[in-house]
Amino acid sequence: MANTREPILQPIPILSLRPTQMTVGMMEVKRKRKHLREHWQQHKSKKKQGEFLGRHAIPVVLGPNDRHYVIDHHHLARALHEEGVSDILVTLIADLTMVDPDAFWGVLDSHKWAYPYDAKGERHRFTDIPKTVADLKDDPFRSLAGELRRVGGFAKDTTPFSEFLWADFLRRKMSRKSVEDNFEKAIEKALGLAKSKDAIYLPGWCGAASDD
């Protein structure tokens, strides 16, 4: 198995990319869309836009039938799609074309490259994962977790799906309606929860140090 990060210079249609998770935070997607629009307006030349896309290649695993499976940056891929970008450069993390299709998702799972959980935090079959980034569902708690990290609620961490772990923690403490009705108030509550000892097991926790 190759584990080289090789950029594929051939553009890949965004809608041919296969997700490895079920949800995104749509507020996260909107934030990225805003950033993209600002960048497009500042750098209107095709060359500058191409350079931007080159710096933000999507990491993928090559799987059965030479399909490209996204293992990170689902939010960016969705945002680019919604902004009308049809093709994207990808970075090859691993070539798994030799893996039997029946074993493929198990191999992804063993590498922490798949997250088959829905917007309620419930695990599904791998076959339930959407086939395109356009079909990813909204999980407002994933948006809450992303914003919580940006405002200092927890530190960026290399643990796979760390923000989904925080999203699941917040989901058990708050109602979805409260997040959707008043996001700013939800962030305030999430900040308090993030600093509590209840969250000490989560990646990037940065609550008060113990005196013990």
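Details of the structure are given in the entry above.
Residues numbered from 1 in each chain as written. Predicted model: local features only at pLDDT ≥ 70, side-chain atom pairs only at ≥ 80, totals over all residues. Heavy atoms only, no water.

1. Section: the pairing of strand β3 (residues 58-62)
At step 1: Of all five residues in β3, five are buried, a share of seventy percent or more.
At step 2: Here β3 shows two buried faces, one formed by Ile-58, Val-60 and Leu-62 and the other by Pro-59 and Val-61.
At step 3: Relative to strand β5 (residues 87-95), β3 runs parallel, the two being bridged by five bridges. Paired with Val-61 across the two strands is Ala-94, which belongs to β5.
At step 4: In the sheet, β3 pairs with strand β4 (residues 68-70) via three bridges, with the strands oriented antiparallel. Looking at the pairing, Val-61 lines up with Tyr-69 of β4. (Buried < 20%, exposed > 50% of the residue type's maximum accessible area, 1.4 Å probe, protein only. Helix = DSSP H or I, 4+ residues; strand = E, 2+ residues; numbered from the N terminus. Pairing = 2+ DSSP bridges.)

2. Comments concerning the environment of Lys-185
At step 1: One can find Lys-185 in helix α8 (residues 183-195).
At step 2: Classification of Lys-185 as exposed rests on a relative accessible area of 57%.
At step 3: C-alpha of Lys-185 to C-alpha of Pro-116: the two residues are 69 residues apart in sequence and 29 Å apart in space.

3. A closer look at helix α4 (residues 101-110)
At step 1: Residues of α4 that are buried include every one of Phe-104, Trp-105 and Leu-108, and no others. All buried residues of α4 lie within an arc of 85 degrees about the axis, which places them on one face of the element. Opposite its buried face, α4 presents the exposed residues Asp-102 and Ser-110, each directed more than 90 degrees away.
At step 2: On its buried face, α4 sits against β3 and β4.
At step 3: Of the residues that open α4, the one with a side-chain oxygen 2.8 Å from the backbone nitrogen of Asp-102 is Asp-100.
At step 4: One or two positions beyond α4, positive phi appears at Lys-112, with a value near 60 degrees. (Arc of directions from axis to C-beta. Contact = heavy atoms within 4.5 Å. Polar contact = N/O pair within 3.5 Å; in protein donor to acceptor, adjacent residues only side chain to side chain.)

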